[in-house]
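The residues making up each chain are set out below.
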Amino acid sequence: MPTSNPFRPSFGVSPRVLAGRDDVIEEFDVGLDEGPGSPMRSVLVSGARGIGKTVLLGELEERARTRGWLVLRLPEGPRLVQELEEAILPSLLAERDPQALRRRLTGGGVGGLGSVSTQVAERFPVTESLTGMLSRLAELVQEHGSGLLLSLDEVQAAPPDDLARLASGYQHLVRDDAEVALAAAGLPTGIDALLEQRGTTFLRRAERIHLAPLTDEQVAAAAVQTVRDAGRVISEEATARLVELVHGYPYLLQLVGYHAWRAAGEDGVLTAADVEATLPVVEERMSRLVHAPALRGVPEGQLAYLRAMAVDDGPSATADIASRLGVTKGHQNVQRTRLIERELVVATGHGRVDFALPYLREHLRRLPRG
């Protein structure tokens, strides 16, 4: 009996069975094949942590690679443009541009003209711009019958000015009908901030894809197929319990499946008990990898609101929350709206709210009172 665990519970690692994203991937395929001007060549993917943004971005990159496209993964974090201008793009152009060596030799001067070229270089130094280098790279790959995909993850981590400069460079390529595409992913707040920046207006016409949780049917089908492809089976009871624990989150599907597989040992059948045994590690991993980052930077007033919600075992009445906090209905509505914008809370009906992230209630109950 095979024992290699088929589940892959690492953030950003593509699962063996990708659930619920076929439509997006197929539309992106069409966009690449349609040529410049296709709306699906500019894709902005948003969603909560653990919902599968990075995995989807990886799948879109792979679709471009299968067509021979060059995939340029843009650096994440505060040095996006600096790394592109100083290292990444110069290196790519040095490798691919047949004129790169000729330009370097010319810049050094030839014969009696050496002193003249040196003086000109010193008095009027020429620095390649981000837009210029991107344009040249796109030109080079297009000469070989392919295209250039710019891929950016964790949009919210990039400086706004860098995003504006990147968007401006990309816009020039689009207006020149270059064989180019852009796929970016981030938390909803990061995508919203990107679109609000001056110089990124044209990206508002990009295809905005907000990833929702998987359906119960998609979770069950992916779990059954993953286990079956690895040579085992999962019982109906185990599948039903797995669906309950996963809450539609692709990361949890991999995490629960991984630890249920381990709990089964050498048995050929994954049981409900194997799935149930995963609950402690699921709660711990979600707390450490999802909830703690999601709550970082949340103001104390909003944290107090979340703690007041955590008293309930299910959806909370907003009137009860206001009473527990000792605030007016209007103040409660302000905090509620801000938490919904952060995608920590969802409205579940008139005057009722619930947590948007699985196991956030349990996480808050374990936090020390500050």
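Thresholds, definitions, all that
Residues numbered from 1 in each chain as written. Predicted model: local features only at pLDDT ≥ 70, side-chain atom pairs only at ≥ 80, totals over all residues. Heavy atoms only, no water. Pairing = 2+ DSSP bridges. Helix = DSSP H or I, 4+ residues; strand = E, 2+ residues; numbered from the N terminus. Buried < 20%, exposed > 50% of the residue type's maximum accessible area, 1.4 Å probe, protein only. Contact = heavy atoms within 4.5 Å. pLDDT = per-residue confidence, 0-100. Core = buried A, V, L, I, M, F, W, Y, C linked by side-chain atoms within 4.5 Å. Axes fitted to C-alpha atoms, helices over the stretch in contact; angles between N-to-C directions. Expected span 1.5 Å × (residues − 1). Salt bridge = Lys/Arg side-chain N within 4 Å of Asp/Glu carboxyl O. 1 Å grid on protein atoms, 1.4 Å probe; cavity = no way out; pocket = protein on both sides within 12 Å on 5 of 7 lines; lining within 4 Å. Points joined across faces, edges and corners; volume = space filled by probe spheres on them.

Asker: Hey, could you run me through the sheet that holds strand S10 (residues 352–355) in this one?
Answerer: Backbone hydrogen bonds hold the strands of a sheet together, and the pairing may be parallel or antiparallel. Strand order in this open sheet of three strands is S8-S10-S9, and the pairing throughout is antiparallel. Among the strands making up the open sheet, the edge pair consists of strand S8 (316–317) and strand S9 (345–349). With four bridges joining them, S9 and S10 adopt antiparallel strand pairing. Looking at the pairing, Ala347 lines up with Val353 of S10.

Asker: Hey, could you run me through the environment of Thr131 in this one?
Answerer: Examined against the element boundaries, Thr131 turns out to sit in helix H6 (residues 130–143). Classification of Thr131 as partly exposed rests on a relative accessible area of 23%. Taking the C-alpha atoms as reference points, Thr131 and Ser168, 37 residues apart in sequence, are found 7.6 Å from one another. When near neighbours in sequence (up to four residues on either side) are disregarded, Thr131 contacts Gly169 and His172.

Asker: It is not clear to me how the confidence of the model for the chain should be interpreted in this structure. Could you clarify?
Answerer: Do not read the predicted coordinates in detail wherever pLDDT is low. The pLDDT averaged across the chain works out to 88; a share of 91% of its residues lies at or above 70. The low-confidence segment residues 104–126, where pLDDT is below 50, has six contacts with residues more than four positions distant or belonging to other chains.

Asker: How do you make sense of the nonpolar core when you look at a structure like this?
Answerer: Within the largest apolar cluster, 70 residues are counted, with the highest numbers of intra-cluster contacts made by Leu242, Leu306 and Leu344. In terms of residue count, helix H11 (residues 250–263) provides more of this core than any other element does, seven residues in total. Discounting residues that sit within four places of it in the chain, Leu344 has contacts with Ala294, Leu295, Val298, Leu306, Leu339, Asp354, Phe355, Ala356, Leu357 and Leu360. In terms of nonpolar packing, the next biggest core, distinct from the first, is built from 37 residues, Leu44, Leu80, Ala178 and Leu203 among them.

Asker: In this structure, what is going on with the sheet that holds strand S1 (residues 42–46)? I would like to understand it.
Answerer: With parallel pairing, five strands are arranged side by side in an open sheet as S2-S3-S4-S1-S5. The open sheet is flanked by strand S2 (70–73) and strand S5 (207–210), the only strands paired with a single partner. On average, adjacent strands in this sheet sit at an angle of 15° to one another, irrespective of strand direction.

Asker: Sorry if this is basic, but what is going on with H11 here?
Answerer: Every α-helix winds through 3.6 residues per turn, so residues three or four apart in the chain are directed the same way. Taking 1.5 Å of rise per residue, the 14 residues of H11 would be expected to cover 20 Å, and the 20 Å separating its terminal C-alpha atoms lies within 8% of that figure. Where burial is concerned, most of H11 is hidden: eleven out of the 14 residues are buried. Pro250, Tyr251, Leu252, Leu253, Gln254, Leu255, Val256, Gly257, His259, Ala260 and Trp261 are the residues of H11 that are buried. Those residues of H11 that are buried lie in contact with helix H9 (216–229), helix H10 (236–246), strand S7 (269–270), helix H12 (272–276) and helix H13 (279–295). Residue Gly265 follows H11 closely and has a positive phi angle near 60°.

Asker: Before we go on, may I ask you to explain the pattern of salt bridges in this structure?
Answerer: Charged atoms that come close allow side chains of opposite charge to pair. What the rule picks out here adds up to 21 salt bridges. A salt bridge links Glu283 to Arg366; the shortest N-O distance between them is 3.5 Å. Of the two residues, Glu283 is situated in helix H13 and Arg366 in helix H17 (residues 360–366); the sequence distance between them amounts to 83 residues. Residue class for Glu283 comes out buried when judged on its relative accessible area of 18%.

Asker: Would you explain unusual backbone geometry in this entry?
Answerer: What is expected of a backbone is that most residues other than glycine have negative phi and most peptide bonds are trans. We note that Glu154 has phi near 55°; this positive angle belongs to a residue other than glycine. Here Glu154 is to be found in the loop between strand S3 (148–152) and helix H7 (160–175). A relative accessible area of 32% places Glu154 in the partly exposed class. Phi angles above zero are rare outside glycine, and Asp177 is one such case at about 55°. Relative to the elements of secondary structure, Asp177 occurs in the loop between H7 and strand S4 (180–186).

Asker: What exactly am I supposed to notice about empty space enclosed by the protein here?
Answerer: Empty space among the atoms can be located by rolling a probe the size of a water molecule over them. Per the stated rule, a full pass over the model turns up one cavity of 30 Å³ or more. Volume-wise, the largest cavity comes out at about 70 Å³. As for the largest cavity, its lining consists of Leu152, Val155, Leu163, Leu166, Ala167, Tyr170, Leu182, Ala184, Leu194 and Leu203. For the lining of the largest cavity, the secondary-structure elements that each account for two or more residues are H7 and S4. At four residues, H7 tops the list of elements feeding residues into the lining of the largest cavity.

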